[in-house]
Amino acid sequence: MARLLLLLWSLGPMLWQLYSSLRPSAALSGTGAGGWTLEHYRQLLQGDPPFLTYLLNSAVVGICSTALTLALAVPCAYALTRIGRRQARSLTLLVATAAGFPAVLLFLALLELARDWHLANQLLALSLPYAGLCLPLAILLLQAAFADIPIELEEAALIEGMGLWQRLRWVLLPLMAPAMASSALLVFLFSWNEYPIALTWLSRTDLLTLAPAMARIAGSSVFTIPYGAFAAATVLGSAPLILLMLLFQKQIISGLTQGAMKG
Amino acid sequence: MRWRLWLLMAPALALLLAIFAAPFLHYLWLSTQAQSVLTGLNPEPIGAQQWLRLWNDSRFWQDTWQTLRFSATSVSLEMLLGLAVALLLDQPLRGRGVLRTISLLPWALPTTVMALGWRWIFNDPYGPINRLLAGLGLPAIPSLSNPAITWMATVGADTWKTTPFVALLLLAGLQTIPADLYEAAALEGATPWQTLRRITLPLLTPYLLIALLFRLAQALGVFDLIQVLTGGGPAGSTESLALYAYLNAMRFLDFGYSATLLLGSFAILLLLCGTAALVWRWGSRLLGELR
């Protein structure tokens, strides 16, 4: 019984969107007959720019931010586990505080950064603030994973005469794969969903990522509200994420819980 | 050897400083500057005037109250529901893994996407809620047009989205509690309520605190949901501090005051999270002594 309630609570609103997106506009406002239609999807996909552009933009920013975050966080997390207790503890505390900070309060300063460095309306440049905002969580996750690797393993590699880079590449990183996958997924989710910075950095319609595009669709018509199109947009906007969640639920869940426990 | 470790950390630390620390210095400076349309968007020093303006700005205090109301209500709901869901998912039931994944879906969706969805769900008269009410012969709820109700709609949408996150954290906490404790309690004839109060909750405390602090900080910075779902309306009744700061910068082009507002919001956030952590610590110590 309780399980059914939970299922209904989680899925209900989404199923309603799916249902609405397939119904003709007249049926939604109660004036016309029933029936089913793909009209709303056609409208979105043929819009200017087509809806898929936003999804593509979000995917590009997401992948780029993920790569940048990992490239910065892996060496940092490694160094934190090797640098000695005292410094590591205070640095970790700072990083954990940053992990909980609401990013929206930073938007104005980041906007000026974008202006000064001519980063506005550059899709890939968004990865810079995104990587910065995701670093705390990624560092915490990776640091915990590095700490779990027995130090003897690295010492053995050191005796074999392997350099720092070789040790990282051939000994440590293969063992880090699960933690790196979790962090990568969480960074990707974050940048896919991020709104205030994308909103202030991007103004060209063909560069918008999904979140600001949705808001723009919402703001486009206050009075004659095209709810069928809204619903279709929510469905198309959530579908990739739902797929991601279903495919990688284990990594995402372990990343989230690990991140909180270390933080 | 040591300097090489610092070298490895340097790029990440530099970016962290640029993203998290530099903004504050910049805001501190900008809050003492007039930089708006009136000054041709050039900064001009005006001392503490904007802080005075903040102090006397009734819209700031109204938004503070509204943000606090939103945060307190939604975070308490999320903690309660999250605990209930976590306890449910901790039971060894069939289909637990699938249920856990499904219940986490709302958290994974972009806030703006579902905010748009909620606008349709709360629609008067064609949304499902009001259709259902009409079917039962009840009056419709003007969820998005009545200042007394709209803020509750925003709380509802936020609770829907973030309860799964709280539940997941608490579930991780529940799974660290050794099963023999429960077995011992059952042998002693403890009721489920006693088990919850004497074993589960005390051992869950660190997780509850993390979830609380994290959610409180995020809720106090609420922006996406409000901006898309209500735009701060009706009549500014759901406007949050972050939205007010955003409007000042992007619509009124008053950057100096926007920075002042952001610092003000940050001060409130710091104050509340600090108080919450302290109260929690004292409270649990007091309870520990009483027990």
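Up top is the structure.
I will try to describe carefully the structure that is included in this document.

The rules behind each value
- Residues numbered from 1 in each chain as written.
- Chains lettered and ligands numbered in written order.
- Predicted model: local features only at pLDDT ≥ 70, side-chain atom pairs only at ≥ 80, totals over all residues.
- Heavy atoms only, no water.
- Core = buried A, V, L, I, M, F, W, Y, C linked by side-chain atoms within 4.5 Å.
- Buried < 20%, exposed > 50% of the residue type's maximum accessible area, 1.4 Å probe, protein only.
- Contact = heavy atoms within 4.5 Å.
- Axes fitted to C-alpha atoms, helices over the stretch in contact; angles between N-to-C directions.
- Helix = DSSP H or I, 4+ residues; strand = E, 2+ residues; numbered from the N terminus.
- Parallel < 35°, antiparallel > 145°, perpendicular 65-115°, else oblique.
- Left-handed = near helix turned anticlockwise from the far one by under 90°.
- Nonpolar A, V, L, I, M, F, W, Y, C, P; charged D, E, K, R; others polar.
- Phe/Tyr/Trp six-rings, centres within 6.5 Å; stacked < 30°, edge-to-face > 60°.
- Lys NZ or Arg CZ within 6 Å of the ring centre and 35° of its normal.
- Buried area = accessible area lost by both parts, 1.4 Å probe.
- Salt bridge = Lys/Arg side-chain N within 4 Å of Asp/Glu carboxyl O.
- Polar contact = N/O pair within 3.5 Å; in protein donor to acceptor, adjacent residues only side chain to side chain.
- Patch = residues over 30% accessible without salt bridge, like charges linked within 9 Å, V, L, I, M, F, W, Y side chains within 5 Å.
- Areas by Shrake-Rupley, 256 points an atom, 1.4 Å probe, with all protein chains shown as cover.
- Lys, Arg positive; Asp, Glu negative; His and termini not counted.
- Disulfide = S-S within 2.5 Å.
- Expected span 1.5 Å × (residues − 1).
- Bend = angle between axes of the 7 residues up to and from the residue.

Description of the nonpolar core
One finds Phe51, Leu108, Ile139 and Phe146 of chain A together with Trp107 of chain B to be the most contacted residues of the largest nonpolar core, which totals 174 residues. Excluding its chain neighbours within four sequence positions, the residues that come into contact with Phe146 of chain A are Val74, Ala77, Tyr78, Thr81, Leu168, Leu172 and Met176 of chain A.

Here's the deal with the packing of helix α5 (residues 85-99) of chain A against helix α1 (residues 2-30) of chain B
At a minimum axis separation of 12 Å, α5 of chain A and α1 of chain B run at an interaxial angle of 25°. As judged from the angle between their axes, α5 of chain A and α1 of chain B are roughly parallel. Crossing hand, α5 of chain A versus α1 of chain B: left-handed. On α1 of chain B, the residues touching Gln87, Leu91, Val95 and Ala98 of chain A of α5 of chain A are Arg2, Trp6, Met9, Leu16 and Phe20 of chain B. For the contact of α5 of chain A with α1 of chain B, the class distribution of residues is 7 nonpolar, 1 polar and 1 charged.

As for the packing of aromatic side chains
Inspection of every chain in the model, using the stated rule, returns 20 aromatic pairs over all chains. Judged by centre distance (5.4 Å) and plane angle (25°), the ring pair of Trp118 of chain B and Phe122 of chain B falls under stacked. When the centroid spacing of 5.3 Å and the interplanar angle of 40° are considered together, the rings of Phe165 of chain B and Phe214 of chain B count as tilted. Of this pair, Phe165 of chain B sits in helix α7 (residues 147-174) while Phe214 of chain B sits in helix α9 (residues 192-220), and the two are 49 residues apart along the sequence. The exposure class of Phe165 of chain B is buried, given its relative accessible area of 9%. We classify Phe214 of chain B as partly exposed; its relative accessible area is 27%. Ring-pair connections join several aromatic residues into one group, and the members of that group are Phe101 of chain A together with Phe20, Phe24, Tyr27 and Phe266 of chain B. Note that Arg53 of chain B overlies the ring of Tyr257 of chain B, its terminal NZ or CZ placed 3.6 Å from the centroid.

Comments concerning the interface of chain A and chain B
By convention, interface size is frequently given as the accessible area that disappears when the constituent parts associate. At the junction of the two partners, chain A supplies 81 residues and chain B supplies 77 residues. For the pair chain A and chain B, the two sides together bury roughly 7,400 Å², of which 78% comes from carbon and sulfur. Along the contact surface separating chain A from chain B lie 0 salt bridges. There are 13 residue pairs in polar contact (both at pLDDT 80 or more) connecting chain A and chain B.

Structural notes on a nonpolar patch on the surface
A surface patch of nonpolar side chains, about 240 Å² in accessible area, is lined by Trp9 of chain A together with Leu77 and Leu81 of chain B. With respect to the element layout, Leu77 of chain B can be found in helix α3 (residues 58-90). With relative accessibility at 36%, the residue Leu77 of chain B sits in the partly exposed group.

A short note on the side chain of Arg69 of chain B
Residues and elements named next belong to chain B. Looking at the secondary structure, you find Arg69 in helix α3. Within the buried set, Arg69 has no salt-bridge partner at all; the shortest N-O distance to an opposite charge, 8.8 Å, is to Asp63. Those residues in contact with Arg69 that sit more than four places away from it in its chain are Trp151 and Ser237.

Things to note about unusual backbone geometry
A positive phi angle is found at His118 of chain A, which is not glycine, with a value near 55°. Mapped onto the elements of the fold, His118 of chain A is located in the loop between α6 (107-116) and α7 (127-148). We classify His118 of chain A as exposed; its relative accessible area is 63%. Unlike most non-glycine residues, Leu253 of chain B shows phi in positive territory, near 50°. Here Leu253 of chain B is to be found in the loop between α11 (241-250) and α12 (255-290).

Concerning the pattern of salt bridges
Considering all chains together, one arrives at 7 salt bridges over all chains under this definition. In this structure, Asp206 of chain A engages Arg204 of chain A in a salt bridge whose closest nitrogen and oxygen atoms are separated by 3.1 Å. Owing to a relative accessible area of 36%, Asp206 of chain A belongs among the partly exposed residues under this scheme. The partly exposed category is assigned to Arg204 of chain A, whose relative accessible area is 44%. Salt-bridge contacts for Arg59 of chain B lead to Glu239 of chain B; the nearest nitrogen and oxygen are separated by 2.7 Å. You can see Arg59 of chain B sitting in helix α3 and its partner Glu239 of chain B sitting in the loop between α10 (224-229) and α11, a full 180 residues away along the chain. One network of salt bridges, in which partners are shared, links Arg82, Glu154 and Arg167 of chain A.

Structural notes on the state of the cysteines
Residues and elements named next belong to chain A. Taken as a whole, this structure holds 0 disulfides over all chains when the rule is applied. Sulfur of Cys64: no disulfide; nearest cysteine sulfur belongs to Cys134 and is 12 Å away. A relative accessible area of 27% places Cys64 in the partly exposed class. Note on Cys76: no disulfide assigned, nearest cysteine sulfur contributed by Cys134 at a separation of 14 Å.

Considerations on helix α9 (residues 164-193) of chain A
Taking 1.5 Å per residue, 30 residues should reach 44 Å; α9 of chain A reaches only 36 Å between its end C-alpha atoms and comes up short. When the local axis directions of α9 of chain A are compared, the greatest deviation, roughly 60°, occurs at Leu173 of chain A, which is followed within four positions by the proline Pro174 of chain A.

Topic: the packing of α7 of chain A against α9 of chain A
All names here are of chain A. Their axes nearest at 9 Å, the elements α7 and α9 cross at an angle of 140°. In terms of axis orientation, α7 runs oblique to α9. The two elements α7 and α9 cross, and the hand of that crossing is right-handed. Each of Tyr130, Leu133, Cys134, Leu137, Ala138, Leu141, Leu142, Ala145 and Phe146 in α7 lies in contact with α9, whose residues at this interface are Leu168, Leu172, Met176, Ala179, Met180, Ser183, Leu186, Val187, Phe190 and Ser191. Residues of the contact of α7 with α9, tallied by class, amount to 17 nonpolar, 2 polar and no charged.

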